[in-house]
Amino acid sequence: MRLRSIRRVTTTPPPGGPRLGRVAAVSPAAAHSAQYNPSMLRSAQWVARVSRQGWQAVGAVGAVGAAAGVGRSRPRPRAASGVASPEALQRLAEDAVTSAQEQIEALVGRSTAEVRAEPVEAVFAIDSISNTLCLAVDWLSLLAATHPEQRVASAADAENNKLMTLLYHLNTHRGLYRVAKDVTGSPETMAKLTPEQARVASLFTEEFERHGVLLEADDAQQLRGLLSRGFDLSSRFQSNVVAAASASPSPAGLFAMASTSRDAATRAKAFAAYQAALDHNVPVLEELLAVRHATAKLLGKPSYAAFTAEERMLRNPERAQAKLEAVSAKLSTTVQPEIAELLQLKLETEGPSVVTDQLSSDQPLTIPGVDRAHYAAVRREQLGAQSLASQPIAPYLSLRAGLAGVAHVTEQLFGLKLVAATPRAGETVASTVLKFEVLTSDGELVGSMYVDPWPRAGKTSGAVHLNVVSGRSLSTSWLPPKRDACAPDTAFLDLDSGSEAGKYQAPEVALVFNF
């Protein structure tokens, strides 16, 4: 099941979500991995999130949950609150694992007849196991990407990687697969489900099978080893990127020099250094590619691209490649005149060279990366007042104005209001983090959004969307066990909040920027 493929793995992906995350949300390393594989359980939840009707799709169930020995709904982590120590993060991860294990034992202990008597609860149960682990994973991913203390961010990343490895292992859990198959293997049982519930149950079953649950024991063991190794390599790759970013000169600094220097030789040297800054990541990437290929072959696929494409819109890598080539062909008619302008600038600045031959050739024009950014900047300077695009527009694009525009468009298109809210003490890692609630026209809470817009030491670079809490219907009977009271330094678990059982767990997301 994709218990991150048993649920989202984006960012997430994260695989997928570096000090990043399916994207998703996800492990920082996995989220920056090009083939990060979304988790199945999260994918299944997304099926039930498309509309308010969809959110409620899993529906109400009978009161059989007592067999699991569970009590009130488990509190959920609040976004990036005041966790003070790596030890607290370790306790958070251990608590999530214990809760998931208790739920797994309760669920797989049921007979086929018991599962088929209450199939909706079985679907809820698998989703609850995923949710229990992914709440911790998503929250740890957020801390790894944003926490200002390196020791806390590193601890969050380490605990997150442990949980992600566990999630991948659960994708081949035969007991959980048996429960899913008990539901989907019986037409009479599937008839008890709504269409949405039946689709979610089918997704669970298909994803267990797609990730090798039916492999022989030796192959299954080999698969677990490959997945763990791939995860380690993804993490190392991103760690090397983060370390390089703090080096002097940094890759960003070298690229800026290559883009702005007026001296061609200086630009060339800076660009060469920029390209070589992460040469030590090449063997890491090569091993990761080999591990992924071995994983795909073990699962009966011709390539890792074929394996990951199965669950995506185009379904196979050949169609994806054809789509890219079609888009490229359409863009070339626009790009070629612009490249010609840049080459002409290079010719005027540096004198006759290979540029002359290029401009007189009927072959598609190209410009080296070392020259592209530089001459594009020169061209913008030349345009000056001639181009509206060159006018200073920053005064009209303040953060306040930008967010107001987003709120306006959201309300006009979706009928949803984006309303500023005040974070509680310790709810965010910095006082500059903004919080918004998304409300219906009737004032009903749909979800929450955190915006972390300003540069800060320790943050992941660029722009990142992170899942914090997944939206999902909550069972009236299958509730994760309530854990013992948390220690003071794990007060980020809001023990008195959360959605009411049988209702809806509102989603929370974080938008993180660091330019």
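In this text, all values refer to a predicted model and were calculated from it rather than measured experimentally. (Residues numbered from 1 in each chain as written. Predicted model: local features only at pLDDT ≥ 70, side-chain atom pairs only at ≥ 80, totals over all residues. Heavy atoms only, no water.)

(A) Up close: the overall build of the protein chain. Scanning the protein chain from N- to C-terminus turns up 19 helices and seven strands. Counting every position in the protein chain, which comprises 515 residues, the buried fraction comes to 49%. For the protein chain, the accessible surface area stands at approximately 23900 Å², while carbon and sulfur atoms represent 58% of it. (Helix = DSSP H or I, 4+ residues; strand = E, 2+ residues; numbered from the N terminus. Buried < 20%, exposed > 50% of the residue type's maximum accessible area, 1.4 Å probe, protein only. Areas by Shrake-Rupley, 256 points an atom, 1.4 Å probe, with all protein chains shown as cover.)

(B) Seen up close, unusual backbone geometry. Of note, the amide linkage connecting serine 248 to proline 249 takes the cis form, showing an omega dihedral of 0°. Positive phi, close to 75°, is recorded for arginine 315, a residue that is not glycine. Here arginine 315 is to be found in the loop between α15 (304-309) and α16 (317-350).

(C) Broad picture of the pattern of salt bridges. What the rule picks out here adds up to 21 salt bridges. For the salt bridge of glutamate 209 with lysine 181, the shortest nitrogen-to-oxygen distance reads 3.7 Å. In this pair, glutamate 209 is assigned in helix α10 (residues 195-210) and lysine 181 in helix α8 (residues 174-184), connecting sequence segments 28 residues apart. Judged by its relative accessible area of 37%, lysine 181 falls in the partly exposed class. Close ionic contact of lysine 301 with glutamate 310 constitutes a salt bridge, the shortest N to O distance being 2.6 Å. Bridged by salt links that share partners, the residues Glu207, Arg210, Lys301, Glu310 and Glu311 form one connected network. (Salt bridge = Lys/Arg side-chain N within 4 Å of Asp/Glu carboxyl O.)

(D) α10, seen in detail. In this model α10 runs 22 Å from its N-terminal to its C-terminal C-alpha over 16 residues, within 8% of the 22 Å that 1.5 Å per residue would give. Here α10 has its buried residues at Gln197, Ala198, Val200, Ala201, Leu203, Phe204, Thr205, Glu207, Phe208 and Arg210. In the stretch just after α10, glycine 212 is the one whose phi turns positive, near 95°. (Expected span 1.5 Å × (residues − 1).)

(E) Quick peek at the environment of valine 468. Tracing the chain through its elements places valine 468 in strand β4 (residues 462-469). Residues valine 468 and serine 141 lie 327 residues apart in sequence; the distance between their C-alpha atoms is 8.5 Å.

(F) Structural context of the environment of alanine 243. With respect to the helices, strands and loops of the structure, alanine 243 is situated in helix α11 (residues 217-245). The exposure class assigned to alanine 243 is partly exposed, which follows from its relative accessible area of 47%. The spacing of alanine 243 and leucine 278 is 35 residues in sequence and 9.9 Å in space, taken between C-alpha atoms.

(G) Region of the structure containing the nonpolar core. In terms of nonpolar packing, the biggest core is built from 60 residues, with Leu89 and Leu107 touching the most fellow members. Listed in part, the 13 residues of the second largest apolar core include Ala220, Leu226, Leu288 and Val291. (Core = buried A, V, L, I, M, F, W, Y, C linked by side-chain atoms within 4.5 Å.)

(H) Region of interest: the packing of α11 against helix α14 (residues 282-298). The contact between α11 and α14 brings their axes to 9 Å, and the two run at 155°. Put simply, α11 runs roughly antiparallel to α14. The way α11 lies across α14 gives a crossing that is left-handed. Within the contact between the two elements, α11 uses Asp219, Gln222, Leu223, Leu226, Leu227, Arg229, Gly230, Leu233, Ser234, Arg236, Phe237 and Asn240 and α14 uses Val284, Leu285, Glu287, Leu288, Val291, Arg292, Ala294, Thr295 and Leu298. (Axes fitted to C-alpha atoms, helices over the stretch in contact; angles between N-to-C directions. Parallel < 35°, antiparallel > 145°, perpendicular 65-115°, else oblique. Left-handed = near helix turned anticlockwise from the far one by under 90°. Contact = heavy atoms within 4.5 Å.)

(I) Just the sheet that holds β4, in detail. Strands sit in the order β1-β2-β3-β7-β4 across an open sheet of five strands; the sheet is mixed. Pairing within the sheet leaves two strands with one partner each, and these edge strands are β1 (417-421) and β4. Across the sheet, the mean angle separating the axes of adjacent strands is 25° when strand polarity is ignored. Alignment of strand β3 (residues 445-452) against strand β7 (residues 508-514), held across five bridges, turns out to be parallel. Residue pairing across strands places tyrosine 450 opposite alanine 510, the latter belonging to β7. Across the sheet, helix α6 (residues 119-146) touches β3, β4 and β7, and the angle it forms with β4 is around 150°. (Pairing = 2+ DSSP bridges.)

(J) Broad picture of the layout of surface pockets. Considered as a void within the structure, the second largest pocket measures approximately 470 Å³ in volume. As for the second largest pocket, its lining consists of 21 residues, and the residues nearest its centre are Val241, Val242, Ala245, Ser246 and Ser461. A per-element tally of the lining of the second largest pocket places α11 first, with six residues. Its residues assigned to classes, the lining of the second largest pocket comprises nine nonpolar, nine polar and three charged. (1 Å grid on protein atoms, 1.4 Å probe; cavity = no way out; pocket = protein on both sides within 12 Å on 5 of 7 lines; lining within 4 Å. Points joined across faces, edges and corners; volume = space filled by probe spheres on them. Nonpolar A, V, L, I, M, F, W, Y, C, P; charged D, E, K, R; others polar.)

(K) Expanded view of the pairing of β3. A large share of β3 lies buried, amounting to seven of its eight residues. Across six bridges, strand β2 (residues 434-439) lies against β3 in antiparallel orientation. The partner of leucine 434 across the bridge, within β3, is valine 451. Linkage of β2 to β3, two consecutive antiparallel strands, is achieved through a turn of five residues, within which glycine 443 is found at a positive phi near 85°.

(L) A look at the packing of aromatic side chains. The final tally for this structure, using the stated rule, is five aromatic pairs. An angle of 70° between the planes, with centres 6.0 Å apart, marks the rings of tyrosine 168 and phenylalanine 231 as edge-to-face. Here the residue tyrosine 168 occupies a position in helix α7 (residues 150-170), and phenylalanine 231 occupies one in helix α11, the gap between them amounting to 63 residues. Each member of the pair, tyrosine 168 as well as phenylalanine 231, is classed as buried. With 6.1 Å between their ring centres and 70° between their planes, tyrosine 177 and phenylalanine 208 make a pair best called edge-to-face. In this pair, tyrosine 177 sits in helix α8 while phenylalanine 208 sits in helix α10, placing the two residues 31 residues apart along the sequence. (Phe/Tyr/Trp six-rings, centres within 6.5 Å; stacked < 30°, edge-to-face > 60°.)

(M) Looking closely at a nonpolar patch on the surface. A cluster of nonpolar residues, Val327, Leu331 and Val335, forms a patch on the protein surface that exposes about 220 Å² of accessible area. Structurally, valine 327 can be placed in helix α16. (Patch = residues over 30% accessible without salt bridge, like charges linked within 9 Å, V, L, I, M, F, W, Y side chains within 5 Å.)

(N) A look at the packing of α16 against helix α18 (residues 369-383). Viewed as axis vectors pointing N to C, α16 and α18 meet at an angle of 90°, and their least axial separation amounts to 9 Å. Taken together, α16 and α18 sit at an angle that is classed as roughly perpendicular. Contacts between α16 and α18 involve Glu341, Leu342, Leu345, Lys346, Thr349 and Glu350 on the former and, on the latter, Asp371, Arg372, Tyr375, Ala376, Val378, Arg379 and Gln382. Among the residues forming the contact of α16 with α18, the class breakdown is five nonpolar, two polar and six charged.

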